[in-house]
Amino acid sequence: MRVSDFRSDTVTKPTEKMRIAMREAVVGDDVLGDDPTVKELERLAAEKIGKEAALFVPSGTMGNAIAVKVWTDEGDEVIVEEKSHIYNFESGHLAFISRVIPRPLPSKRGAYDIGLLKKAVNKRKDYHVPQPTLITLENTHNFWGGAVVPLEHFRAVREVADSRGIRVHLDGARIFNASVASGIPAREYARYVDSVMFCLSKGLGAPIGSILAGPKEFIEKARWVRKMLGGGMRQVGVIAAAGIVALGMIDRLKDDHRRAKELARGLSKVPGIRINPEEVETNIIFLKVDDAKSVVQKLKEYGVLALAISDEDIRMVTHKDIDDEDVNRAIWAFKKIFS
Ligand code: TLP
């Protein structure tokens, strides 16, 4: 039976072009600085995102963890959005690796209330009080259902950060989804942040790997921290080669967005499922049902995989290995379950 895997856009298999590129990649020892394929990927990635330099890292989590470590000192405060991945889903590296205190703030679909943000950064300079040195943003915002955080919000956050000399890091795991959905180049979003992490291994289809980008001096320190965390990889050009191919796959994200919308529209007509298709902006959809776990279990019997995120929330993600037939099969399976 064909399996339609909507659990995440991380599940994509490498394309034929990627496999050929991987096989033919010219490699060297990247820890010693001589893997030409990695260097090429880092050059292309920095150019694409409009930053001075870039570093290839094994995962998005490591990219975010390195950024926090480089920008902060132990005991600093880091402002995070309350539903953000960096705060909720990265095994607590803020505390474990950087020893900083996260300050979660609420948001509207990933955009902070600027009044609250100002209040949070305008801390009394008093040695009782942890001082914020970093603000984090996430675009698209995963647990706000792939919401696109508007560019004006980036400008506003930059202004607040500058008023206190605070850094801004963007978890841009899916920044190209935001870019394709809004028509705004990814580098425009990146302009307003000091550093950005984006994933090659999600909608762009690479099997492994993310990019951390920022000023040259930041990336030099990041390389140091990556090694400390055991993320120095040797002949990793074999993987970077797939990453180079992935950078050429940005345009196809629009197909994922169209399919997510179609899926959401189809599901919104099924009694028992609560979803607003108007809120679906990119490739992630969240739907509410009475018992998410049992629905996900039944879906599996129809060859449809989804994730139960809470007792009543199911997340489904479209990606390059999901086609129109998979979308139709998923709608059909839900109809069966709820009939
Ligand atoms: N997200 C994964 C899971 O961890 C939830 C997914 O399936 O969506 N930032 C954001 C916004 C992410 O969504 C993810 C992964 C990461 C960072 C971490 O990337 P990896 O998995 O490469 O460490």
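On a predicted model such as this, the values are computed, not experimentally measured, just so you know.

### Quick word on the pairing of strand β9 (residues 195-199)
Line of reasoning, step 1. Of all five residues in β9, five are buried; the element is thus mostly enclosed.
Line of reasoning, step 2. Neither face of β9 is exposed, since Ser195, Met197 and Cys199 on one face and Val196 and Phe198 on the opposite face are all buried.
Line of reasoning, step 3. Note: strand β8 (residues 167-171) against β9, three bridges, orientation parallel. The residue of β9 that forms the bridge with His169 is Ser195.
Line of reasoning, step 4. Bridge count between β9 and strand β10 (residues 210-214): four bridges; the pairing is antiparallel. When the bridges of β10 are listed, Met197 appears paired with Leu212.

### Points about the packing of helix α3 (residues 60-71) against helix α10 (residues 216-228)
Each pair of packed helices can be described by the angle between their axes along with the distance between the axes.
Line of reasoning, step 1. For the pair α3 and α10, interaxial distance at closest approach is 9 Å and the crossing angle is 115°. Judged by the sense of rotation from one axis to the other, the crossing of α3 with α10 is right-handed. From α3, Met62, Ile66, Ala67, Lys69, Val70 and Trp71 reach across to α10, where they touch Phe218, Lys221, Ala222, Val225 and Arg226.
Line of reasoning, step 2. Here the residues of the contact of α3 with α10 sort into eight nonpolar, no polar and three charged.

### Brief notes about the pattern of salt bridges
Line of reasoning, step 1. Applying the stated criterion across every chain yields a total of 30 salt bridges.
Line of reasoning, step 2. Where Arg158 meets Asp162, a salt bridge forms, and the shortest distance between an N and an O atom there is 3.1 Å. Within this pair, Arg158 and its partner Asp162 are both found in helix α7 (residues 151-163), separated by four residues, close to a single helical turn.
Line of reasoning, step 3. Judged by relative accessible area, Arg158 falls into the buried class, the value being 13%.
Line of reasoning, step 4. One salt bridge connects Arg258 with Glu262, and the closest N-O pair in it is separated by 3.3 Å. A residue pair is termed a helical-turn pair when its members lie 3 or 4 positions apart in one helix, as Arg258 and Glu262 do in helix α12 (residues 253-268) at four residues.
Line of reasoning, step 5. With relative accessibility at 34%, the residue Arg258 sits in the partly exposed group.
Line of reasoning, step 6. With a relative accessible area of 32%, Glu262 lands in the partly exposed category.
Line of reasoning, step 7. Several salt bridges converge on common partners, so that one network encompasses Arg274, Lys288, Asp290, Glu312 and Asp313.

### A short note on the domain arrangement of the chain
Line of reasoning, step 1. In terms of domain boundaries, the chain breaks down into domain 1 (4-11 + 251-338) and domain 2 (16-246).
Line of reasoning, step 2. Here the C-alpha centre of domain 2 lies 27 Å away from the C-alpha centre of domain 1.
Line of reasoning, step 3. On the side of domain 2, 18 residues touch domain 1, which itself brings 16 residues to the contact.
Line of reasoning, step 4. Summed over both partners, the interface of domain 1 with domain 2 buries about 1,500 Å², with 54% contributed by carbon and sulfur atoms.
Line of reasoning, step 5. Area buried by domain 1 at its contact with domain 2 is led by Asp9, Leu253 and Glu281, which between them contribute 35% of it.
Line of reasoning, step 6. Applying the counting criterion to the domain 1 and domain 2 interface returns two salt bridges.
Line of reasoning, step 7. Note that Arg109 and Glu281 form a salt bridge whose closest N and O atoms lie 2.8 Å from each other.
Line of reasoning, step 8. Our count for the contact surface shared by domain 1 and domain 2 stands at eight residue pairs in polar contact (both at pLDDT 80 or more).
Line of reasoning, step 9. Sorting the residues of the side of domain 1 that touches domain 2 by element identifies α12 and β11 (284-288) as the ones contributing at least two each.
Line of reasoning, step 10. Top contributing element to the side of domain 1 that touches domain 2 by residue count: α12, with three residues.
Line of reasoning, step 11. When grouped by side-chain class, the residues that make up the side of domain 1 that touches domain 2 number four nonpolar, five polar and seven charged.

### Let's talk about the sheet that holds β11
Line of reasoning, step 1. Strand order in the open sheet formed by three strands is β11-β14-β13, with antiparallel pairing between adjacent strands. Looking along the sheet, the strands with just one partner apiece sit at the ends: β11 and β13 (307-308).
Line of reasoning, step 2. Pairing between β11 and strand β14 (residues 313-317): five bridges, direction antiparallel. Its bridge partner lying in β14, Leu287 is registered against Ile314.
Line of reasoning, step 3. On the sheet, α12 packs against β11 and β14 and is oriented at approximately 15° with respect to β11.

### Remarks on the sheet that holds strand β3 (residues 77-81)
Line of reasoning, step 1. Judged by pairing direction, the sheet is mixed, and its seven strands sit side by side in the order β2-β10-β9-β8-β7-β3-β4 without closing on themselves. Each edge of the open sheet carries a strand with a single partner, namely β2 (53-57) and β4 (101-105). Shown here is a sheet whose adjacent strand axes are inclined to one another by a mean of 20°, direction ignored.

The rules behind these values
- Residues numbered from 1 in each chain as written.
- Predicted model: local features only at pLDDT ≥ 70, side-chain atom pairs only at ≥ 80, totals over all residues.
- Heavy atoms only, no water.
- Buried < 20%, exposed > 50% of the residue type's maximum accessible area, 1.4 Å probe, protein only.
- Helix = DSSP H or I, 4+ residues; strand = E, 2+ residues; numbered from the N terminus.
- Pairing = 2+ DSSP bridges.
- Axes fitted to C-alpha atoms, helices over the stretch in contact; angles between N-to-C directions.
- Left-handed = near helix turned anticlockwise from the far one by under 90°.
- Contact = heavy atoms within 4.5 Å.
- Nonpolar A, V, L, I, M, F, W, Y, C, P; charged D, E, K, R; others polar.
- Salt bridge = Lys/Arg side-chain N within 4 Å of Asp/Glu carboxyl O.
- Domains from an automatic or database assignment.
- Buried area = accessible area lost by both parts, 1.4 Å probe.
- Polar contact = N/O pair within 3.5 Å; in protein donor to acceptor, adjacent residues only side chain to side chain.

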